[in-house]
Each structure stands twice: as C-alpha cells, then as structure tokens.
Amino acid sequence: MQRTVLLAVMLALAAVAGSALAAPVNYKTPDEVAAFKPGPNLEVVQGNCSACHSSDYIATQPPMKDKKSFWQAEVTKMIKVYGAPIDDADVGKIVDYLAATY
C-alpha cells in the first residue's frame, strides 16, 4: 500500500515538473564562422565532416610528421568509433584533403 501511494505521489510530481519544463524555448544560434580551407575534394569533406563538427575541430589537431597516416587514422576513428556514415569511396578523398590542407 505504501509503495502504491509513494509511486502515485512520485508520478504526480513528475507530471507537474514535466509540464513546467515542457515550455518551448526560443533562441538564435550564432552564425557559423569556421570554414574549411580550400583544397582538393573540399566539397566531399564539407558534405561528410561538417555534419558532425566544424572545421575548427580539424584545425586544432596537433602538428604531425606523417600527415597522411595521422588523418587516415582519424577518419577511420570517426567511422568505427563515432559511426560517421562515410562512404568507402570518400575516405581516400577526405584523407588526401586533410593531409594536403592541414
């Protein structure tokens, strides 16, 4: 009996709290100011990478000696770890762009 009453009270409180939090919030997000640098296959990179992050994420990567291997590993990580839906045909183009441009 006590559990039933406690559950009813909790559900009532959740409904009240939920209705208070359900009001729409309007705000304007800032305009995107980051841009990918011009380079080979820029449109492929924009179409794949900007769906999840800005170019600022790429620009903040540390300096590396073997750019191609570094970017190959990063693109592979985006696909395998984060589930980026990048077509196999685009992987090499993205890696080439990143290695040549960043």
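Details of the structure are given in the entry above.
All values derive from a computational prediction rather than experimental measurement. (Residues numbered from 1 in each chain as written. Predicted model: local features only at pLDDT ≥ 70, side-chain atom pairs only at ≥ 80, totals over all residues. Heavy atoms only, no water.)

**Topic: helix α4 (residues 67-80)**
Between the first and last C-alpha of α4 there are 20 Å, a value that for 14 residues agrees with the 20 Å anticipated at 1.5 Å per step. When we look at burial in α4, the residues that qualify are F70, W71, E74, V75 and M78. Looking straight down α4, one finds its buried side chains confined to an arc of 125 degrees; they lie on one side. (Helix = DSSP H or I, 4+ residues; strand = E, 2+ residues; numbered from the N terminus. Expected span 1.5 Å × (residues − 1). Buried < 20%, exposed > 50% of the residue type's maximum accessible area, 1.4 Å probe, protein only. Arc of directions from axis to C-beta.)

**Looking at a nonpolar patch on the surface**
Taken together, the side chains of V5, V9 and L13 define a hydrophobic patch exposed on the protein surface, amounting to about 260 Å² of accessible area. Relative to the helices and strands, L13 is located in helix α1 (residues 2-21). L13 sits in the exposed class, given a relative accessible area of 55%. (Patch = residues over 30% accessible without salt bridge, like charges linked within 9 Å, V, L, I, M, F, W, Y side chains within 5 Å. Areas by Shrake-Rupley, 256 points an atom, 1.4 Å probe, with all protein chains shown as cover. Salt bridge = Lys/Arg side-chain N within 4 Å of Asp/Glu carboxyl O.)

**Comments concerning the packing of aromatic side chains**
For any pair of aromatic rings, the description rests on two quantities: the centre-to-centre distance and the angle between the ring planes. On inspection of all chains with the given rule, the structure shows 2 aromatic pairs. Geometrically, the ring pair formed by F70 and W71 is edge-to-face, given 4.9 Å between the ring centres and 80 degrees between the ring planes. Taken together, a centroid distance of 6.0 Å and an interplanar angle of 65 degrees make the contact between Y97 and Y102 edge-to-face. An identical accessibility class is assigned to Y97 and Y102; each is buried. (Phe/Tyr/Trp six-rings, centres within 6.5 Å; stacked < 30°, edge-to-face > 60°.)

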